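Chains, contacts and geometry: an overview
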Amino acid sequence: MTAFWTEADFDDHELVQLVHDRASGLTAILALHSTHLGPAAGGTRFWHYPASMDAMRDALRLSRGMSYKNAMAGLPMGGGKAVILAPQDRAKTPELLAAFGDAVDALGGRYVTAEDVGISEVDMVAVSKRTQYVSGLPAQGSGAAGGDPGPFTAIGIYHGIKAAVRYKLGRDSVEGVHVALQGVGSVGGGVAQLLSKDGAKLTLSDIDEGRAAALARDLGAETAAPDAIMGVACDVFSPNALGAILDDEGIARLEAPIVAGGANNQLGRAGHGQKLADRGILYAPDYVINAGGIISVALEFLSRQQGQSGDINEVRKRLAQIPDRLVEIWEQSDKTGVSPDVVADRIAQKLIGR
Ligand code: NAD
């Protein structure tokens, strides 16, 4: 068996805790990468892993990603992530969520959780019965931050795409700009709606082809098959589904001068950012452009700690700062010849004291 501290993904994580509760059947890994800037914040993934080492790798990789994302978003939060190893039937019981809440609580606020793949707002409400270190809870009234982070993530990406179009194509509006979207779920669907209002030309794709077709009808957009979307000739390719799509093959297929979308971990491996740059493609580093959701849940959490509800206007103000960060990264990249993903990593590492 490989020891996880020899894994490439282990990056001096401050704490990696295995929790096993026989009574409820909970097995979880809580990974705290860095608390340099504040409590480690990041969602909980509920997933069935064929091998437990895959769960460990996910926890290590995702928690480091959260350190970078939170630092770059200017949040007073570190980075962490929890992974619950779901049974094969993916049964999720109240007892299991309660035991998970107790495990989060036992860390005394060093880790703050939220939704991720497989975990809903309802699940977070259940967890919040056992610990106060939870975010992504339903918004308390209009004008308050909170709830599903997806729409906030979409707003940040919309701002980021507009910034990329201005930077690379010299166009102040996205009217008539052709954007090809891979995935039109919570995030991609929201991005498509916002771009459509501005008169962008859209090509939509989703493995749920009915979903893509319905949205395309609503917005007067075109659709493309899932295996064709990366090769669509367009101005912006916007990945909003899976990670690791920007590998050798994916990059070779692109017919777009810009890649800007919300999917996490878009680059296949280190080095693929440079490959994009070599092809003259402007890349918006994923964890910079997709920080809208964590901005919303973090502000909700920090406000609740002070007995207040988060201010939606403050969330919107911070979302509108995402383009400034992207432009700073692209300018540094142009000046130094270092690809934007590496520029972003270096800034983030400095911010978290590494
Ligand atoms: P979602 O499940 O609502 O939507 C994902 C969509 O992608 C679904 O409609 C799915 O059918 C589709 N899809 C899956 N594989 C596909 C493929 N090969 N080709 C085309 N479509 C495919 O999820 P989401 O919340 O919209 O998240 C999308 C991505 O954004 C994920 O990578 C997620 O990690 C990332 N992200 C989400 C948030 C958030 O706030 N929800 C924040 C940051 C990053």
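Each value, and the rule that gives it
Residues numbered from 1 in each chain as written. Predicted model: local features only at pLDDT ≥ 70, side-chain atom pairs only at ≥ 80, totals over all residues. Heavy atoms only, no water. Domains from an automatic or database assignment. Buried < 20%, exposed > 50% of the residue type's maximum accessible area, 1.4 Å probe, protein only. Helix = DSSP H or I, 4+ residues; strand = E, 2+ residues; numbered from the N terminus. Pairing = 2+ DSSP bridges. Core = buried A, V, L, I, M, F, W, Y, C linked by side-chain atoms within 4.5 Å. Contact = heavy atoms within 4.5 Å. Phe/Tyr/Trp six-rings, centres within 6.5 Å; stacked < 30°, edge-to-face > 60°. Lys NZ or Arg CZ within 6 Å of the ring centre and 35° of its normal.

**So, the domain arrangement of the chain**
- By domain assignment, the chain separates into domain 1 (4–66 + 77–128) and domain 2 (150–289 + 323–351).
- On a C-alpha basis, the centres of domain 1 and domain 2 stand 28 Å from each other.

**Remarks on the pairing of strand S10 (residues 236–239)**
- Neither face of S10 is exposed, since Val 236 and Ser 238 on one face and Phe 237 and Pro 239 on the opposite face are all buried.
- Pairing geometry for strand S7 (residues 178–182) and S10, over four bridges, is parallel. Counted as the bridge partner of Gln 182 is Pro 239 from S10.
- Relative to strand S11 (residues 258–259), S10 runs parallel, the two sharing two bridges. Bridging across to S11, Phe 237 finds its partner in Val 259.

**A closer look at the nonpolar core**
- Ranked by size, the top nonpolar core spans 86 residues in total, and within it Leu 30, Phe 100, Leu 195, Leu 202, Leu 204 and Ile 295 carry the most contacts.
- With nine residues, helix H4 (residues 150–169) is the single largest residue contributor to this core.
- Of the domains in this structure, domain 1 (4–66 + 77–128) and domain 2 (150–289 + 323–351) are the two that each give at least three residues to this core.
- Among all residues touching Leu 202, those that are not within four sequence positions of it are Val 179, Leu 181, Ala 192, Leu 195, Ser 196, Leu 219, Ala 221 and Glu 222.
- One finds Ala 180, Ala 224, Val 259 and Leu 267 within the second-largest nonpolar core, a separate group that totals 17 residues.

**Thoughts on the packing of aromatic side chains**
- In this structure the tally under the stated criterion is two aromatic pairs.
- When the centroid spacing of 5.4 Å and the interplanar angle of 40 degrees are considered together, the rings of Tyr 167 and Trp 330 count as tilted. A residue pair is termed long-range when its members are at least 10 positions apart, and Tyr 167 in helix H4 and Trp 330 in helix H12 (residues 322–336) qualify at 163 residues.
- Sitting above the plane of the Trp 47 ring, Arg 90 keeps its charged end 5.0 Å from the centroid.
- When the ring centre of Phe 46 is taken as reference, the NZ or CZ atom of Lys 92 above it lies at 5.0 Å.

**Overview of unusual backbone geometry**
- Residue Asp 12 is not a glycine yet carries a positive backbone phi of 50 degrees.
- Within the secondary structure, Asp 12 sits in the segment before strand S1 (15–21).
- Since its relative accessible area comes to 57%, Asp 12 is described here as exposed.
- A positive phi angle, close to 55 degrees, is found at Ala 244, a residue other than glycine.
- Within the secondary structure, Ala 244 sits in the loop between S10 and helix H7 (248–253).

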